[in-house]
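The residues making up each chain are set out below.
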Amino acid sequence: MKQGQVIGQALLFVLGAIIFSMILIYGYNAISKLQAVKSEVCLIDMENTLKNQVERVRASFGSVRKLDLSVCPGYTSICFIDTQDLLSQTTGNQKALEPLYNISARMADAVASGADQNVFLKPLSETPINIGTIDIDPPEFLCFEKIESSTISLRLEGLGDRTKISRWNLL
């Protein structure tokens, strides 16, 4: 084997290693983007399911429906807040909301500022979720902490102009 052939083979191995590593990096980036899109689609699907069911029950006064909601993977808790009633009780004072209702600063800030959001996820979602006019018994919010089965059961009751949300409890 001549010296020029050895150098040529070494260059081919180096070029092959560079191409191989570029393919690995591209594949990793593509899979990461796909995972991000998948979690975003799951969040949008969950929001649409909630909105549709709340809207469907709202219109028929007195009707009660059970909703088994699939919570997207990665979220450990979900909270529903009756922002209208909560704001009327505290006159929009965010500092009064946190200790009084033991809710997070982010939720209290969103409620006090009049943000268009009444569903909060933990860890925080990028997109605010508003499912329409809801009613929740005092203390005006309902949280499901440490979601393990990724499904929660909600009781939706139509009140004509809004939907009452509570836990589904079998008596």
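You'll find the structure just up there.
Since we're looking at a predicted model, the values are computed, not measured.

Draft legend 1. Up close: the environment of aspartate 82. Counting through the fold element by element, aspartate 82 comes out in the loop between β2 (77-81) and α2 (83-90). The buried category is assigned to aspartate 82, whose relative accessible area is 2%. Note: C-alpha distance between aspartate 82 and isoleucine 134 (52 residues apart in sequence) is 6.0 Å. Every residue in contact with aspartate 82, bar those within four places of it in the chain, is listed here: Ile134, Asp135, Ile136 and Glu140. Engagement of the side chain of aspartate 82 in a polar contact is seen with the backbone nitrogen of isoleucine 136, the distance being 3.4 Å.

Draft legend 2. Up close: the pattern of salt bridges. Taken as a whole, this structure holds seven salt bridges when the rule is applied. Note that glutamate 157 is salt-bridged to arginine 155, the shortest N-O span being 3.0 Å. Judged by relative accessible area, arginine 155 falls into the partly exposed class, the value being 26%. Among the salt bridges present, the one from aspartate 161 reaches arginine 162, with a minimum N-O distance of 2.8 Å.

Draft legend 3. Representation of the state of the cysteines. Under the defined criterion, the tally for this structure stands at two disulfides. At a sulfur-sulfur separation of 2.0 Å, the disulfide partner of cysteine 79 is cysteine 143. Looking along the S-S bond of the cysteine 79-cysteine 143 disulfide, the torsion reads about 115°, which is the right-handed sense. A residue pair is termed long-range when its members are at least 10 positions apart, and cysteine 79 in strand β2 and cysteine 143 in strand β5 (residues 141-144) qualify at 64 residues. Across the pair, exposure class does not vary: cysteine 79 and cysteine 143 are buried alike. When the bonded cysteines of the protein are numbered from the N-terminus onward, they pair as 1-2, 3-4.

Draft legend 4. Broad picture of the packing of aromatic side chains. Counting across every chain of the model gives zero aromatic pairs. Seen from the ring of phenylalanine 144, arginine 167 lies directly overhead, with NZ or CZ sitting 4.3 Å from the centre.

Draft legend 5. Broad picture of the sheet that holds β5. The strand order β3-β2-β5 describes an open sheet built from three strands, whose pairing is antiparallel. The open sheet has two edge strands, β3 (119-122) and β5, and neither has a second partner. Shown here is a sheet whose adjacent strand axes are inclined to one another by a mean of 15°, direction ignored. Looking at chain direction, β2 and β3 are connected through four bridges and run antiparallel. Counted as the bridge partner of serine 77 is lysine 122 from β3.

Draft legend 6. Quick peek at helix α4 (residues 105-112). When α4 is considered as a whole, its buried residues turn out to be Met107, Ala108, Ala110 and Val111. Along the long axis of α4, the arc covered by the buried residues comes to 165°, so they all point the same way. Note on α4: the residue one or two positions beyond its end, glycine 114, has a positive phi of about 75°.

Draft legend 7. Quick peek at the sheet that holds strand β6 (residues 151-158). Pairing is mixed in the open sheet, where four strands are placed in the order β1-β6-β7-β4. For this open sheet the edge positions go to β1 (64-70) and β4 (134-135), each flanked by a neighbour on one side alone. Here seven bridges tie β1 to β6, and the two strands are oriented antiparallel to one another. Residue valine 64 lies in a different strand from β6, and its bridge partner there is glutamate 157.

Draft legend 8. Up close: the side chain of aspartate 135. Turning to its location among the elements, aspartate 135 is positioned in strand β4. Taking relative accessible area as the criterion, aspartate 135 reaches 12% and is therefore assigned buried. For aspartate 135, the contacting residues outside a window of four places in its chain are Asp82, Asp85, Leu159, Arg162, Thr163, Lys164 and Ile165.

Scoring rules and cut-offs
Residues numbered from 1 in each chain as written. Predicted model: local features only at pLDDT ≥ 70, side-chain atom pairs only at ≥ 80, totals over all residues. Heavy atoms only, no water. Helix = DSSP H or I, 4+ residues; strand = E, 2+ residues; numbered from the N terminus. Buried < 20%, exposed > 50% of the residue type's maximum accessible area, 1.4 Å probe, protein only. Contact = heavy atoms within 4.5 Å. Polar contact = N/O pair within 3.5 Å; in protein donor to acceptor, adjacent residues only side chain to side chain. Salt bridge = Lys/Arg side-chain N within 4 Å of Asp/Glu carboxyl O. Disulfide = S-S within 2.5 Å. Phe/Tyr/Trp six-rings, centres within 6.5 Å; stacked < 30°, edge-to-face > 60°. Lys NZ or Arg CZ within 6 Å of the ring centre and 35° of its normal. Pairing = 2+ DSSP bridges. Axes fitted to C-alpha atoms, helices over the stretch in contact; angles between N-to-C directions. Arc of directions from axis to C-beta.

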